[in-house]
Amino acid sequence: MHDIGANCVTAPDHVLDWIHDSLCRTTMSIVAILVLLAVAWSALAIGQIPNPFRARTSQARLWRRAFPSASKRQIGEFLSLFADAFSFRAIETQKFRPDDQLLGVYRALNPAKWIPESKEVERLAKELRKRYGIALADIWDDRMTLGALFAHVQQKKRSVGH
């Protein structure tokens, strides 16, 4: 009888070690590339407004219609303050409408959190007090819109101006 195993050639241990090391290096390279892609993707996403707002075009016309006595500069400064508080890019501030609710924006940004005890809301409150002398906690309403908040800013400016 002929021994079938006698004709099989086995690879030396150093060849098997080399193959194993090569596979490990390839796997590590793939993992490293995936991690880098994930980091790059998240870096690009930082500062982007949430999806429901991102596809919008400029809402400047709605702001001018809602606040005809406010200057473009006043509206722009308010929207910049809001964008800074939420870490949005300055170029995306015009995508927000006066009827956008603060909690709606917050929840679109933080879908898992339902209570607005966030650094964004805290920064917004701090900046409103610093720049306009408005205490967000005193005027807060769960349905408050950006337009309603801007109306408070305008009212405060008028009362300080007189």
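Structure: above.
Remember, it's a predicted structure, so these values are computed and weren't measured experimentally.

Colleague: Whenever I open this one, the nonpolar core confuses me. Can you help?
Modeller: Burial of nonpolar side chains together is a common tendency in soluble globular proteins. Grouped together as the largest cluster of nonpolar side chains are 29 residues, with contacts concentrated most on F78, F82, F86, L124 and L128. Listing elements by their share of this core, those giving two or more residues are α4 (72–85), α5 (102–109), α6 (119–132) and α8 (146–161). No other element matches α4, which puts 7 residues into this core. The contacts of F82, once residues within four sequence positions are left out, are F88, F96, L102, V105, L124 and L146.

Colleague: Before we go on, may I ask you to explain the pattern of salt bridges in this structure?
Modeller: Any two side chains of opposite charge can pair if their charged atoms end up close together. Applying the stated criterion across every chain yields a total of 5 salt bridges. One salt bridge in this structure joins E77 and R73, with 3.2 Å as the shortest N-O distance. Of the two residues, E77 and R73 both sit in helix α4, 4 residues apart, roughly one turn of that helix. Judged by its relative accessible area of 25%, E77 is partly exposed. Note on R73: relative accessible area 61%, which makes it exposed. Note that E127 and K130 form a salt bridge whose closest N and O atoms lie 3.8 Å from each other. Remark: K130 and E127 occur in helix α6; sequence separation between them is 3 residues, near one turn of the helix.

Colleague: Even after reading the chapter, I still don't get the side chain of Q59, so can you show me in this structure?
Modeller: The residue Q59 is located in the loop between α2 (51–54) and α3 (60–66) in this model. Overall, the relative accessible area of 10% leaves Q59 in the buried class. Setting aside anything within four residues of it in sequence, one finds Q59 in contact with Q94, K95, F96 and R97.

Colleague: In this structure, what is going on with a nonpolar patch on the surface? I would like to understand it.
Modeller: A contiguous nonpolar surface patch, about 440 Å² in accessible area, is contributed by L16, W18, I19 and L23. Mapping L23 onto the fold places it in helix α1 (residues 13–45). Overall, the relative accessible area of 56% leaves L23 in the exposed class.

Here is what the cut-offs are and how they apply
Residues numbered from 1 in each chain as written. Predicted model: local features only at pLDDT ≥ 70, side-chain atom pairs only at ≥ 80, totals over all residues. Heavy atoms only, no water. Core = buried A, V, L, I, M, F, W, Y, C linked by side-chain atoms within 4.5 Å. Buried < 20%, exposed > 50% of the residue type's maximum accessible area, 1.4 Å probe, protein only. Helix = DSSP H or I, 4+ residues; strand = E, 2+ residues; numbered from the N terminus. Contact = heavy atoms within 4.5 Å. Salt bridge = Lys/Arg side-chain N within 4 Å of Asp/Glu carboxyl O. Patch = residues over 30% accessible without salt bridge, like charges linked within 9 Å, V, L, I, M, F, W, Y side chains within 5 Å. Areas by Shrake-Rupley, 256 points an atom, 1.4 Å probe, with all protein chains shown as cover.

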